[in-house]
Amino acid sequence: MRCLDTMKVTEILRLREMELNLRDIASAVDCSKTTVGEILNRCKDCGLTYEESTKLSPERINELIYPDSFGRKQSKDEPDWEAIYKRLMSSRRINLYYIWEQEYRKDNPDGYSYSYFCAKFNTWKEDTGKEVVLPQEREPGKELFVDWIGDTLPCVVDYETGVIHDAHFFVATLGDSSYPFVEAFPNETQINWNQAHIDAFEWYGGLPKILVPDNCKTAVVHTNLYNPELNHAYRDLARHYQVAIIPARVKKPRDKPTVESGVGWLETWLLEWLKDKIYHSFEALNADIKDRVLELAERPFKHRSGSRSSNFTALDKPALRPLPKDPFEYYETLPVKTVPNNYHVYYDGFYYSVPYTLYKDSVTIHAYAKKIEIFNTMGERVALHIRKFSGRRYATEINHMPANHRAIREFNQYDGTHYRYRASSIGQNAYRFVDTLLKSADFEEQAYKSCMAVVNFSKQYGNTRVDNACKKALDLNSVTYTTLKNILKNNQDKKPVNAEHSDADTPTPSHENLRVGEWE
């Protein structure tokens, strides 16, 4: 074709961006519709846009559009596009601009411009089928695609310490329906990876035939196209459930498009929904996640009938194999040579109690994703704890404590609310007496022992006498432990306040030299 004036080329690009059709553009620039189509195809091939054309000289535009007539001759042969493509696929850190600038232009200073280099590369990909995607019709219930979502959220805050924990999200999508499962963990360890699979199988209520993980270390030790080496703990899980593991090829997201698209979908509709929320435990976070996923799975598909939930029920679920009687259990083992005198053993930042009688003995810890089991030398389980990731460092079962420690523990757990409640069960006057004790102390804790005495008096004298004694102490304006004790000891609770009495029987009135809530 004859060369078109570059001003008309620029105008054609501008009008095309305005979404005019070829006929209208041809009329506007006074040329044929065929010429307009040819110019637009040439601009597409060389990557020339309207914005770029306004910045280039007419000579440079002609070089790009008519390389055979105006283009500079290449000092080297055509680039090895296959090698360039492999370089791009080998690392996420490499992009086409880097290859063009740092490798191609150094050897070919008079070679292709970047835009023409890109256009030629894209044409090569189209011609060789690199841009073609193979339609993948998923067999119902056959494959479970699993991965970690790349993004984490700092959404779990320790209620007691204020320490913020990042949540890592395991995601799975199943078969034809892409029905999702999501669970949050404090890290991406082997224990949590295996536990996530166990929980996913329970969520789906059955087993797929194949697991398709990415090439993370919790799944694959050494990647290999033909014979990848599986992580032994992951392989044991697969053997227990009788499922095959076929890892996706490295850097091949199209091998697992359902989980890739599922991750993107969940990042938008789940993580965005979670990002401003705060939780004080992973249990609470996961409860919210499950409710949200159930809600999202009910949303209709945009380009097919039904929803993830309806398609799962109709297609995938009937094709799943039944779960085994017993779930797989994976744990780490840690021997403890000697139980210390505080009868707590250490694992991963926290201390877990064992019966105090095991002091100086040896025990073995079995650490699961969600629980801690401890065994004695006879192989008997002596302790079971929920595994801790936040909160107090000591997890103590009260039955593991000796009697004296148990009493101290129980006492330290009581507060003003507890004593007010116990006093109210004795009577209205006892409640007023205890409430006054607590409010009169400089610090509430100073009155706890006196409050305990009031409660304990009911065991010795009965509720009626203690309540009457508290009324008399209140009438005397002498709300102290000593006054209450003397009233009960001398049976003054059975006499009215104005009755005749001796100085010896009269409780000491409250005055400035006595402390409220004093203890004898």
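In this text, all values refer to a predicted model and were calculated from it rather than measured experimentally.

Q: Now, about the overall build of the protein: what can you tell me, with residues and values included?
A: Looking only at helices and strands, the protein has 19 helices and 15 strands in total. For the protein, the proportion of its 520 residues judged to be buried stands at 43%. Summed over its atoms, the accessible surface of the protein is roughly 29,400 Å², and 48% of this surface lies on carbon and sulfur atoms.

Q: Residue-level account of the packing of helix H16 (residues 428-440) against helix H18 (residues 463-475), with values.
A: Where H16 contacts H18, the axes come no closer than 7 Å and their chain directions differ by 50 degrees. Here H18 runs oblique to H16, going by the angle between their axes. The handedness of the crossing between H16 and H18 is left-handed. Across from Gln428, Asn429, Ala430, Arg432, Phe433 and Thr436 in H16, the residues of H18 making contact are Asp467, Cys470, Lys471, Ala473 and Leu474. Here the contact of H16 with H18 is composed, by residue class, of 5 nonpolar, 3 polar and 3 charged.

Q: Go over the pairing of strand S11 (residues 350-353), please, and point to the residues and values.
A: Look at any regular strand and the pattern is simple: side chains alternate between the two faces of the sheet. Note that strand S10 (residues 344-347) and S11 share 4 bridges and pair antiparallel. If you follow His344 over to S11, its bridge partner there is Ser353. Linking two consecutive strands that pair antiparallel, namely S10 and S11, is a turn of 2 residues; a positive phi of about 50 degrees is found at Asp348 within it.

Q: Break down the sheet that holds S11 for me, with residues and values.
A: Strands sit in the order S10-S11-S15 across an open sheet of 3 strands; the sheet is mixed. Pairing within the sheet leaves two strands with one partner each, and these edge strands are S10 and strand S15 (394-395).

Q: How would you summarise the pattern of salt bridges if you had to cite specific residues and measurements?
A: Evaluated as defined, the whole model comprises 20 salt bridges. Among the salt bridges present, the one from Glu295 reaches Arg292, with a minimum N-O distance of 3.1 Å. In this pair, Glu295 and Arg292 are both assigned in helix H12 (residues 282-297), 3 residues apart and thus about one turn of the helix distant. For Arg292, a relative accessible area of 8% corresponds to the buried category.

Q: Quick one: what's the story with the packing of aromatic side chains, residue by residue and with numbers?
A: The final tally for this structure, using the stated rule, is 28 aromatic pairs. Between Tyr104 and Tyr112, the aromatic rings sit 6.3 Å apart at their centres with planes inclined by 20 degrees, giving stacked as the arrangement. This pair shows no difference in class: Tyr104 is buried, exactly as Tyr112 is. Ring geometry for Tyr179 versus Trp203: centroids 6.4 Å apart, planes at 20 degrees, classification stacked. Of the two residues, Tyr179 is situated in strand S4 (residues 179-185) and Trp203 in helix H9 (residues 190-204); the sequence distance between them amounts to 24 residues. Through pairs of rings, three or more aromatic residues link up here, namely Trp148, Phe170, Tyr179, Phe181, Phe185, Trp193, Trp203, Tyr204, Tyr234 and Phe312. Lying over the aromatic face of Trp273, Lys277 brings its terminal NZ or CZ to 4.6 Å of the ring centre. Positioned above the aromatic ring of Trp269 is the side chain of Arg299, whose terminal nitrogen or guanidinium carbon lies 4.4 Å from the ring centre.

Q: So what about the side chain of Ser307? Which residues, and what values?
A: Tracing the backbone through its elements, the reader meets Ser307 in the loop between H12 and helix H13 (308-319). Accessibility expressed as a relative area gives 6% for Ser307, which makes it buried. Excluding its chain neighbours within four sequence positions, the residues that come into contact with Ser307 are Ala297, Glu298, Arg299, Pro300 and Phe301.

Q: An account of the packing of helix H17 (residues 448-461) against H18 is needed here, citing residue identities and associated values.
A: At their nearest, the axes of H17 and H18 sit 7 Å apart, and the two run at 130 degrees to each other. As the angle between them shows, H17 and H18 are arranged oblique. Within the contact between the two elements, H17 uses Val454, Phe457, Ser458 and Tyr461 and H18 uses Asn463, Arg465, Val466 and Cys470. Tallied by class, the residues present in the contact of H17 with H18 amount to 5 nonpolar, 2 polar and 1 charged.

Q: Could you give an account of the environment of Met452, naming the residues involved and the relevant values?
A: Following the sequence through the fold, Met452 ends up in helix H17. Looking at Met452, the relative accessible area reads 27%, which means it is partly exposed. The spacing of Met452 and Ala423 is 29 residues in sequence and 9.4 Å in space, taken between C-alpha atoms.

Q: How would you explain the pairing of strand S3 (residues 164-174) if you had to name every residue and give the values?
A: Here S3 lies mainly inside the structure; 9 of its 11 residues are buried. As judged from the 5 bridges shared by strand S1 (residues 143-148) and S3, these two strands associate in the antiparallel manner. Opposite Phe145, over in S3, you have Thr173 as the bridge partner. Here S3 pairs with S4 via 7 bridges, running antiparallel. Across the sheet, residue His168 finds its bridge partner in S4, namely Phe185.

Q: Before we move on, could you go through the side chain of Asp316 and cite the residues and values that matter?
A: By the element assignment, Asp316 lies in helix H13. Residue Asp316 is classed as buried on the basis of its relative accessible area of 0%. A distance of 2.5 Å separates the side chain of Asp316 from the side chain of Ser177, its partner in a polar contact. The residues contacting Asp316, other than those within four sequence positions of it, are Pro140, Gly141, Leu174, Gly175, Asp176, Ser177, Ser178 and Asn311.

Q: Any chance you could break down the confidence of the model for the protein for me, citing the residues and the numbers?
A: In this model, the protein carries a mean pLDDT of 82, and residues with pLDDT of at least 70 account for 83%. Of the regions scoring below 50 in pLDDT, residues 222-227 engages in 5 contacts with residues more than four places distant in sequence or in other chains. This stretch, residues 510-520, has a pLDDT under 50; its non-local contacts, to residues over four places away or in other chains, come to 23 contacts.

Q: Got a sec to walk through the sheet that holds strand S13 (residues 371-375)? Specific residues and values, please.
A: Strands pair in a sheet through their backbones, by hydrogen bonds, and they do so in one of two ways: parallel or antiparallel. The 4 strands lie next to each other as S9-S12-S13-S14, forming an open sheet whose pairing is antiparallel. This sheet does not close on itself; its edge strands, each paired only once, are strand S9 (332-336) and strand S14 (381-386). For this sheet the average axis-to-axis angle between neighbouring strands, irrespective of direction, equals 20 degrees. Pairing of S13 with S14 involves 5 bridges; the strand directions are antiparallel. If you follow Lys371 over to S14, its bridge partner there is Ile386.

The rules behind the values
- Residues numbered from 1 in each chain as written.
- Predicted model: local features only at pLDDT ≥ 70, side-chain atom pairs only at ≥ 80, totals over all residues.
- Heavy atoms only, no water.
- Helix = DSSP H or I, 4+ residues; strand = E, 2+ residues; numbered from the N terminus.
- Buried < 20%, exposed > 50% of the residue type's maximum accessible area, 1.4 Å probe, protein only.
- Areas by Shrake-Rupley, 256 points an atom, 1.4 Å probe, with all protein chains shown as cover.
- Axes fitted to C-alpha atoms, helices over the stretch in contact; angles between N-to-C directions.
- Parallel < 35°, antiparallel > 145°, perpendicular 65-115°, else oblique.
- Left-handed = near helix turned anticlockwise from the far one by under 90°.
- Contact = heavy atoms within 4.5 Å.
- Nonpolar A, V, L, I, M, F, W, Y, C, P; charged D, E, K, R; others polar.
- Pairing = 2+ DSSP bridges.
- Salt bridge = Lys/Arg side-chain N within 4 Å of Asp/Glu carboxyl O.
- Phe/Tyr/Trp six-rings, centres within 6.5 Å; stacked < 30°, edge-to-face > 60°.
- Lys NZ or Arg CZ within 6 Å of the ring centre and 35° of its normal.
- Polar contact = N/O pair within 3.5 Å; in protein donor to acceptor, adjacent residues only side chain to side chain.
- pLDDT = per-residue confidence, 0-100.

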